[in-house]
Amino acid sequence: MAIDQIDIDICTSLSAEEVSGSNPVTPPIYQTSLFTFPTFEKLVGALDDENKNILYSRGRNPTVAILENKLCALEQGEDCKVFASGMGAISSVFMGLLNQGDHVLFVNDIYGPTMQLADHLKGFGISHDRVSQNEAEDLEQFIKPNTKLIWLESPGTMKFEFVDLKKISEFAKAKGILTGIDNTWATPLFQKPITMGIDIVVHSCSKYIGGHSDTIAGAVISKKEIIEKIFYNAFLLNGAAAGPFDAWLLLRGLRTLPVRMSEHQSNAIDVINYLKDHEKIANIYYPDLSTDLKPKDKQLSGTSGLFSFDLVSGGYQEVSTFLNNLTRFKIGVSWGGFESLAISPNRGKNENQLSEIGFSTSMIRLSVGLENSQQLIADIDQALSKVIVSG
Ligand SMILES: *Cc1c(COP(=O)(O)O)cnc(C)c1O
């Protein structure tokens, strides 16, 4: 992949004189808020297109731009903006592209805060509906004359069900509706939605792209004109720009993304193979690549390390017994780092709501890290032995 060439090209063009023939192997961190110009005229010229020109780091910064170029190349888009968080990216897409009176259709499992944002946007005259994975087979009935955007996750990050990206993008194109996907789970390595006709791809870089649980950031990849709209209507005004050091950490993360993802994948499969035959486990939620649409239009070329399962029975008590007995898996939010994590959507007070949305009260989600999988399995095994299930 020519990704490293982008590093070198940009470093070379920016610092050829200073380094006089020798090049740094990692890019410099441009820890500066602004850039000065030799004349006022040059500054005035740069201000004409803040999306392209480097003059103030809330708009554009060279270290961040290297990351943007790489993510853009990985997703095969035309342009990319990196944000201070995944939610910064998602909220800027909505704010940048939607107007009062518009309608958004959400498809499949959607990240909780994205739906909270959608609820908040009702106050600004932007309405929405939600469609489940089954209903996604026939979207026609859910479309309104004012539907501007179809927003989806595939797979979702609780039950990991997928929807047909090609089919949905073709349907939306015929109707003049934009499509956007949160591609955080698959990473740009395992799923490239733009190649399937999706208009906008969003990532929380806080997960696998960073990979070391030390950075919060997000990204949007799309066509040039869509990114330009998001840039001027939202990015520059929301002010959710990523800092140069965060971008540098993410560049470091990208260098090991392929080896980390293959390890997350094989570790998760080891853990799943153990859980499959365990008498206390009822369901395992993980995309099965053998059934991921027809082989010829496979959407996913790999699977990551985040999946969930249900105990055969139980609620908050059983879930918390399991979680509290884990020692290698830590208890915490988020996922995609080197460390294994465990959590449950059951918070004790929300069991009725979970049942309403079709989630078991004994659901547990694991983010399988980069540790030795046999040690992870031994940890799960001893924690499960403490759980008492009936039935
Ligand atoms: C974490 C996450 C986000 C939000 O990303 P932040 O960087 O935490 O703002 C968005 N979508 C999905 C699927 C996520 O898991």
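For clarity, every value in this text was computed on a predicted model and none was experimentally measured. (Residues numbered from 1 in each chain as written. Predicted model: local features only at pLDDT ≥ 70, side-chain atom pairs only at ≥ 80, totals over all residues. Heavy atoms only, no water.)

*Asks:* Just checking my understanding: could you explain the pattern of salt bridges for this structure?
*Replies:* Pairing is possible between side chains of opposite charge, provided their charged atoms come close. Under the definition given, this model contains 9 salt bridges. Put simply, R60 and E68 hold a salt bridge, and the shortest N to O gap is 3.7 Å. For E68, a relative accessible area of 2% corresponds to the buried category. Beyond isolated ion pairs, a larger network of salt bridges with shared partners links R60, E68 and K81. (Salt bridge = Lys/Arg side-chain N within 4 Å of Asp/Glu carboxyl O. Buried < 20%, exposed > 50% of the residue type's maximum accessible area, 1.4 Å probe, protein only.)

*Asks:* Help me understand the packing of aromatic side chains, please; the structure alone is not making it clear to me.
*Replies:* How two aromatic rings sit relative to each other is set out by the distance from centre to centre and by the angle between their planes. Here the structure, examined in full by the defined rule, presents 11 aromatic pairs. Each ring, one from F160 and one from W185, has its centre 6.1 Å from the other, and the planes form 50°; the classification is tilted. Linking F160 in the loop between β4 (147-153) and α6 (165-175) with W185 in the loop between β5 (178-182) and α7 (187-190), this pair joins segments that are 25 residues apart in sequence. You'll find F160 and W185 in the same group, each marked buried. With 5.6 Å between their ring centres and 20° between their planes, F231 and F235 make a pair best called stacked. (Phe/Tyr/Trp six-rings, centres within 6.5 Å; stacked < 30°, edge-to-face > 60°. Helix = DSSP H or I, 4+ residues; strand = E, 2+ residues; numbered from the N terminus.)

*Asks:* What am I meant to see in the pairing of strand β6 (residues 200-204) here?
*Replies:* Regular strands place their side chains on alternate faces of the sheet. Summarising burial for β6: 5 of the 5 residues are buried, a large majority. Side chains I200, V202 and S204 project from β6 onto one buried face, and the interleaved V201 and H203 project onto a second face that is buried too. Relative to β6, β5 runs parallel, the two sharing 3 bridges. Residue pairing for β6: G180 is matched across the bridge by I200. Of the pairings in the sheet, the one linking β6 to strand β7 (residues 218-222) comprises 4 bridges and is antiparallel in character. Within β7, the residue paired with H203 across the bridge is A219. (Pairing = 2+ DSSP bridges.)

*Asks:* Please explain the site of the ligand as it appears in this structure.
*Replies:* Taken together, S85, G86, M87, I90, Y111, E153, D182, S204, S206, K207, A217 and W335 make up the full set of residues adjacent to the ligand. Take M87: an N or O atom from its main chain is 2.8 Å from an oxygen atom of the ligand. The fraction of the free accessible surface of the ligand (380 Å²) that becomes covered by protein chains is 91%. The dominant element in the shell around the ligand, judged by the number of residues it contributes, is helix α4 (residues 86-97), at 3 residues. Among the residues making up the shell around the ligand, the classes are represented as 5 nonpolar, 4 polar and 3 charged. (Near = heavy atom within 4 Å. Polar contact = N/O pair within 3.5 Å; in protein donor to acceptor, adjacent residues only side chain to side chain. Areas by Shrake-Rupley, 256 points an atom, 1.4 Å probe, with all protein chains shown as cover. Nonpolar A, V, L, I, M, F, W, Y, C, P; charged D, E, K, R; others polar.)

*Asks:* In this structure, what is going on with the side chain of R60? I would like to understand it.
*Replies:* Residue position: R60 is located in the loop between α2 (40-47) and α3 (62-75). A polar side-chain atom of R60 sits 3.1 Å from the main-chain carbonyl oxygen of K52. Beyond its immediate stretch of four places on either side in the chain, R60 contacts F35, E50, N51, K52, N53, I54, A65, E68 and K81. (Contact = heavy atoms within 4.5 Å.)

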